[in-house]
Each structure stands twice: as C-alpha cells, then as structure tokens.
Amino acid sequence: MKKGFAVLLTAAMAASLAACGGSVSSGGASDSASSASAKSSAASSVSEPAASGSASSSAVSSGSGGDYTPAKDSYKIDVVLKTLSAEYWQYVEAGCNAYASDHPGVQVDVKGPTSETAFDEQTNMLTTDLAVDYDAYVIAPLQSDSVAQVMKDATAPVLAVDTDINADYIASFVGTGNENAAASGGKAAVQMAKDLGWDEIKCIEIAGVQGDETCTARMNGYKKGVNEAGGEFLENEVQYADTTADKAVAAMEGIMSTHPEGIAIVAANNDDMAMAAARTAAGNEAYKNTVFLGFNGDKSACQAMADGTYTNYISVAQEAYGMGYKAVEAAVKAVDGVKLDRFTDSGSEIITKDNAQERLDTLSSYLNS
C-alpha cells in the first residue's frame, strides 16, 4: 500500500471474520441487481464484520470495523467498480456504503459500467470523475494498464480494489490474494475428487477474460494447487468464457465432447460460470462425480450447495463486503497522509456443502441490512 506522510496513529488489525466463509465472488450471478451506472451515496447502515482471512503485510486497516478515527470532518470518495450488475460487486458496494454509514463525515459515490467487458464505459466514467473534486479514488480496473494511464495525473490518492493497477502512484491495493486462494481451492478439489473415487485426476478450467490479471492469477493458482495435490491441470485445454454463464455452457459442452469419458475437476473463474457448467453436465453419467470448482462464494452457489442441488461443488470465497469496507477506510487514511502497505489481502475461505448455509446467512445479512 502507499505512500504519504503519517500524521495519525493507526490501530491494530482486528480479528478475522468467522461467519460462514468470510468472503464473496468476482463476477457472480446477479441477485438483486443495482442499476449499473447508479451512484450509491452511503445511506443505510450495514452490519459490520471483521476482516476475513490473513491480512498479508497489512497495516492498512483494522478491517471491517477498524478503529481508525478520520482526521477531517468530511471526505468525498469516488468508487468505480467493474460493474454493479453482479452479486459480488453488490457486496463490495455494500461494504463501501457501510464504512460511510459508520463514519457520517465520509461520502462515498459508488458506480460501475454495465458489464465487466464495458472497458470504454469505465474509462469514460473515470475521465468524467477526474473533473470532480474528490478526495480519493478507489477503482476496480477492467483493464489495469488503460486505467493507469487515465489516472496518472490525478491530484488525489488513487487506490485499487479487487484487481491491482500497475502504477507506482497507487496508494494501496485491497483485494484477495487470488493465486494463493485459488491454489487452496485446487487442492481441496483434488481431495474431493479422490474421495469420490477418481484415480486419474485431471482438471480443465473455464476461464474468464483472457489477459485479465485476476483471471490469470486464479488460473495460476488452480494449476499450482491441482498439480501440487497430485492432480494434473490441463493447461492446453483452458476454455475462455469472458466471465459469463452463457459462454461457460458452450465451453462445458465442448469439454464433454472432447472428454466423453469424464473429467475429475472442472474449475471456473467464478461461481456463475461453474454453476452453468454443472447444470450443463447434469444427466451425463460420465460427469456425475465431477467436482465443479468455482470462485467467490456467491449466494446462489451457497444456496445450491446448502439445498443439495450441487453436492460435488467447491467455492473459493472472497470477502467482498470486507474488501469494500477496507478499501474506503484505506482511502480515508491516504487522504489523512497515513502511510499504507502496498497490499492488503482481504481473505478467502473454502466453501462446501458443509458450511454453505452458515455463509448463506451471512451474505443475506449484508444485502438485507
């Protein structure tokens, strides 16, 4: 995280979120979709969890519910996410708004383009917002390099959330350690495949947007975890599906055609895609024991695991709510001149049918508060 002259003391990191998995997803199914371009100025109060997972070299925040006291009476923070039309980003939005609700002097404007491939739309939003008198900018970039160019002349602190921005002026990056988190999911999937009786454990990934940093990190993590656990990640058979369920269906149909004998593990960049793949394979006898590995711990995925729709399913859950909360808190600190670490890991957890209901209850509390 970033630079800046420390003017205030920060308190120690708070405890990890224990409730049901402590994390959410990127590009998940849209549950109660917000208007993609709508701004969210902090209004309703949201329950305040502690930060999930290990906070890697994290002096940035005390997590959701940190005890840092803002130095000024008012702050205006711009938050531009990848979209607001997906469940995952609604949790990030809720976390951002919760921080503002807990700190009345902080105004947060949250917005996002219509989809995670609307690159020009996000660029135009950022260009417009640079002309507004914001105290700090928090951005989840669709294209890191282009966002770095757009924001290079910003006079206020710029922070990254969920996906890093490759620029030395970035004050801090708050997000999931995607590679390590995905590796833990890959290892869990291999173990589940062994328990289901697979002798030859091969994994094919249905990936997100080719070239996207988050997609690449998760792919590298899946590969590492599967291979280290004794499986084989079929790197040459990766299918790109642009984070969408429709394209994941087509990819899964292709996998079943190429591998009529079945595959032990089908990993996907997010839960929306993993569940689409699982639906597509339903009824195919060769795939009845296939492990489907998603990422995010979305509400829809948790529900499907909890009610028994998908029993051979694993999700690597991010703490999107805490990520949003901590990102705004870090922005306030940057405005105050507090020195921030370059990266704070907002945490992850493996979700299966055994702990899905617990996580489901926690996720519902975020959007219903």
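Computed from a predicted model, the values in this text were never measured in an experiment.

Here's the deal with the sheet that holds strand β4 (residues 158–161)
Sheet strands pair by backbone hydrogen bonding; their relative direction is either parallel or antiparallel. Spatially, 6 strands are ordered β2-β1-β3-β4-β5-β12 in an open sheet, and the strand pairing comes out parallel. Whereas interior strands pair on both sides, the edge strands pair on one side only; in this sheet they are β2 (106–111) and β12 (343–345). Ignoring strand direction, the axes of neighbouring strands in this sheet form an average angle of 20°. Examined bridge by bridge, strand β1 (residues 75–80) and strand β3 (residues 136–139) share 4 bridges and lie parallel to one another.

A word on the pattern of salt bridges
The full count for this structure, using the stated rule, is 13 salt bridges. A salt bridge links Lys-111 to Asp-78; the nearest nitrogen and oxygen atoms lie 2.6 Å apart. With a gap of 33 residues between them, Lys-111 in strand β2 and Asp-78 in strand β1 connect regions that are remote in the sequence. Take Lys-111 and Asp-78: they sit in the same class, and that class is buried. Taking the shortest distance from any N to any O, the salt bridge between Glu-228 and Lys-187 comes out at 3.3 Å. Of the two residues, Glu-228 is situated in helix α5 (residues 213–228) and Lys-187 in helix α4 (residues 178–195); the sequence distance between them amounts to 41 residues. Residue class for Glu-228 comes out exposed when judged on its relative accessible area of 52%. Judged by its relative accessible area of 39%, Lys-187 falls in the partly exposed class. Residues participating in the shared-partner salt-bridge network are Asp-78, Lys-111 and Asp-129.

What to know about the packing of helix α6 (residues 245–258) against helix α7 (residues 271–281)
At a minimum axis distance of 8 Å, the contact between α6 and α7 shows a crossing angle of 45°. Considering their axes alone, α6 and α7 lie oblique with respect to each other. Crossing handedness for the pair α6 and α7: right-handed. Here α6 contributes Ala-245, Ala-248, Val-249, Met-252, Glu-253 and Met-256 to the contact with α7, which in turn contributes Asp-272, Met-273, Ala-276, Ala-277, Thr-280 and Ala-281. For the contact of α6 with α7, the residue count by class is 9 nonpolar, 1 polar and 2 charged.

Side note on the confidence of the model for the chain
Per-chain confidence: the chain averages 84 in pLDDT, with 82% of residues scoring 70 or above. Below pLDDT 50 for its whole length, residues 1–65 participates in 253 contacts with residues either more than four positions away or in separate chains.

What counts, and where the lines are drawn
- Each chain carries its own residue numbering, running from 1 in the direction its sequence is written.
- For this predicted model, a pLDDT threshold of at least 70 governs which residues receive local features, and a threshold of 80 or more governs which side-chain atom pairs are given and counted, while totals over whole chains, interfaces and linings are taken from all residues.
- The basis for the side-chain values is all heavy atoms of the structure; hydrogens and waters are excluded.
- Strands qualify as paired when DSSP identifies two bridges or more between them.
- Strands here are runs of E lasting at least two residues and helices are runs of H or I lasting at least four, both read from the DSSP assignment and numbered beginning at the N terminus.
- With axes taken as lines fitted to C-alpha atoms, and helix axes fitted only over the stretch in contact, angles between N-to-C directions fall between 0 and 180 degrees.
- Counted as salt bridges are all cases of a side-chain nitrogen of Lys or Arg within 4 Å of a carboxyl oxygen of Asp or Glu.
- Only protein chains enter the area calculation, which uses a 1.4 Å probe; residues under 20% of their type maximum are buried, those over 50% are exposed, and those in between are partly exposed.
- Any angle between 65 and 115 degrees counts as roughly perpendicular, while under 35 counts as roughly parallel, over 145 as roughly antiparallel, and the rest as oblique.
- Throughout, a crossing is termed right-handed when the near helix is turned clockwise from the far one, and left-handed when it is turned anticlockwise from it by less than a right angle.
- The contact rule is simple, with two residues in contact once any of their heavy atoms fall within 4.5 Å.
- Polar here means any residue outside two lists: the nonpolar Ala, Val, Leu, Ile, Met, Phe, Trp, Tyr, Cys and Pro, and the charged Asp, Glu, Lys and Arg; Gly therefore counts as polar.
- The pLDDT value tells you how sure the predictor is about a given residue, anywhere from 0 up to 100.

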